[in-house]
Amino acid sequence: MRNIPAFAYHSAKTLKCELQKIFCSTWNFVCHKNEIKQINSYVVRTIGKEEVLIVRKSVDSIVAYLNLCPHRSAKLVNSEDGQCKGQLLCPYHAWTFNLDGELIKIPSQDHYLKDLNKEKYKLTKIRCDEWSGLVFVNFNSLTSPLKSYLGEFPAYLKEQERDISTMELITTVILEEPINWKIVVENYVEDYHFSFVHPKTLKSFDHKATQTLPTKDHVRVFMPYRKKVTLGRSKYPWSPAGGGSQQGFIWPNMTLQPALNHMSIFQIVPLGPEITRVRIAVYQTAAQKEQWPMNLEQLISDIKLDMEEDFSICRDLQHNTHSRYYKIGVLSKPHELGIEHFANTWWSYMDKQAA
């Protein structure tokens, strides 16, 4: 294993390189299709330094554009979600675009820009694709198709594919922490800490039997249920039928946590070298809503408790990246196999230019 150097966890230069070489050259999860179920509905997501506007153009079509007017680079929309009424109107000079990204109107054009050819001023379209209801975007037109990029994940989640495609958003939790994004990911892709950091919050699962299984750039994390019932309430109910939760990390910054009663998806968004936003979207199918009606206040409290258990450790790790003695020593395999895989993948994208 080739370790990621300590400075890469707090270097602005490294982050700038990561945003270009990683986040702007791979597929990034942005939303579930049912978050923009209505025609003309949209969401805005941040990828690297870019804001991407994802809009439902028709029943069968979702498109993505930079949230940036080609006139003077003003934002087209300022809200994180909303309705656009079939057009995108720049608030600065009222340039109007249709949902094909075409400039269709400039008020008083004969006075202000008489000779302008509107066909030359289209919105910047971003590559967009969908798998099982999950919408991804990619700034790089040359990378592999989404399904190929996902490796064995579609097969891994095949049994839950229908549930994933039909689920609806029930709440979103957004947390910001003074931690580098890589530390948040590294914490997720290893299960060695579960018994010690999450003895109650993850009590439904057999920690020692958990499997960390890399596939392409990603990591599957299969968490089998304990053989005996666990007492007390849990965000993750225990299953008497056996099996487990087919969780995982999709490079570069997405995690999935399916459970009997819900699914949560994390988006790990670097805001700076030492600050990360974790956007946690929680979904349920219609059947889950009926069988497992959620107390959202309790659910949000459980999520924050679970995350604080991790963040309290990760904040200390972030602090120690400034130590000249910082390093990743011996790894427990297979329980910390994801750490090695993540580091190797990081180096493959950074092309040994992390300084």
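Here the structure is a predicted model, which is why all the values come from computation and not from measurement.

### A short note on the packing of aromatic side chains
Per the stated rule, a full pass over the model turns up 15 aromatic pairs. Centre to centre, the rings of Phe249 and Trp251 are 6.5 Å apart; their planes meet at 85 degrees, and the pair counts as edge-to-face. We classify Phe249 as buried; its relative accessible area is 1%. The class for Trp251 is buried, based on a relative accessible area of 0%. Taken together, the ring pairs in this structure connect Phe23, Trp181, Phe249, Trp251, Phe342 and Tyr349 into an aromatic cluster.

### Side note on the packing of helix H6 (residues 181-188) against helix H10 (residues 337-350)
Across the interface, H6 lies against H10 with an axial gap of 9 Å and an inter-helix angle of 145 degrees. As H6 runs across H10, the sense of the crossing is right-handed. Where H6 approaches H10, its residues Trp181, Lys182, Val185 and Glu186 are matched on the opposing element by Ile339, Phe342 and Trp346. Split into classes, the residues belonging to the contact of H6 with H10 amount to five nonpolar, no polar and two charged.

### Considering the sheet that holds strand S15 (residues 254-258)
Taken in spatial order, the seven strands make up an open sheet running S11-S17-S16-S15-S14-S13-S12, and their pairing is antiparallel. Each edge of the sheet is formed by a strand with only one pairing partner; in this case those strands are strand S11 (168-177) and strand S12 (211-215). With direction set aside, neighbouring strand axes in the sheet form an average angle of 15 degrees. Where strand S13 (residues 218-224) and strand S14 (residues 244-250) come together, six bridges link them in antiparallel fashion. Each residue of the ladder has a partner; that of Arg220, found in S14, is Gly248.

### Brief notes about the sheet that holds strand S9 (residues 125-131)
Read across the sheet, seven strands follow the order S1-S10-S9-S4-S3-S2-S5 without closing on themselves; strand pairing throughout is antiparallel. At either end of the open sheet lies a strand with only one pairing partner, and these are strand S1 (28-32) and strand S5 (81-83). Taking the axes of each pair of neighbouring strands and ignoring which way they run, one obtains an average angle of 30 degrees across the sheet. Pairing geometry for S9 and strand S10 (residues 134-138), over five bridges, is antiparallel. Its bridge partner lying in S10, Asp129 is registered against Phe136.

Thresholds, definitions, all that
- Residues numbered from 1 in each chain as written.
- Predicted model: local features only at pLDDT ≥ 70, side-chain atom pairs only at ≥ 80, totals over all residues.
- Heavy atoms only, no water.
- Phe/Tyr/Trp six-rings, centres within 6.5 Å; stacked < 30°, edge-to-face > 60°.
- Buried < 20%, exposed > 50% of the residue type's maximum accessible area, 1.4 Å probe, protein only.
- Axes fitted to C-alpha atoms, helices over the stretch in contact; angles between N-to-C directions.
- Helix = DSSP H or I, 4+ residues; strand = E, 2+ residues; numbered from the N terminus.
- Left-handed = near helix turned anticlockwise from the far one by under 90°.
- Contact = heavy atoms within 4.5 Å.
- Nonpolar A, V, L, I, M, F, W, Y, C, P; charged D, E, K, R; others polar.
- Pairing = 2+ DSSP bridges.

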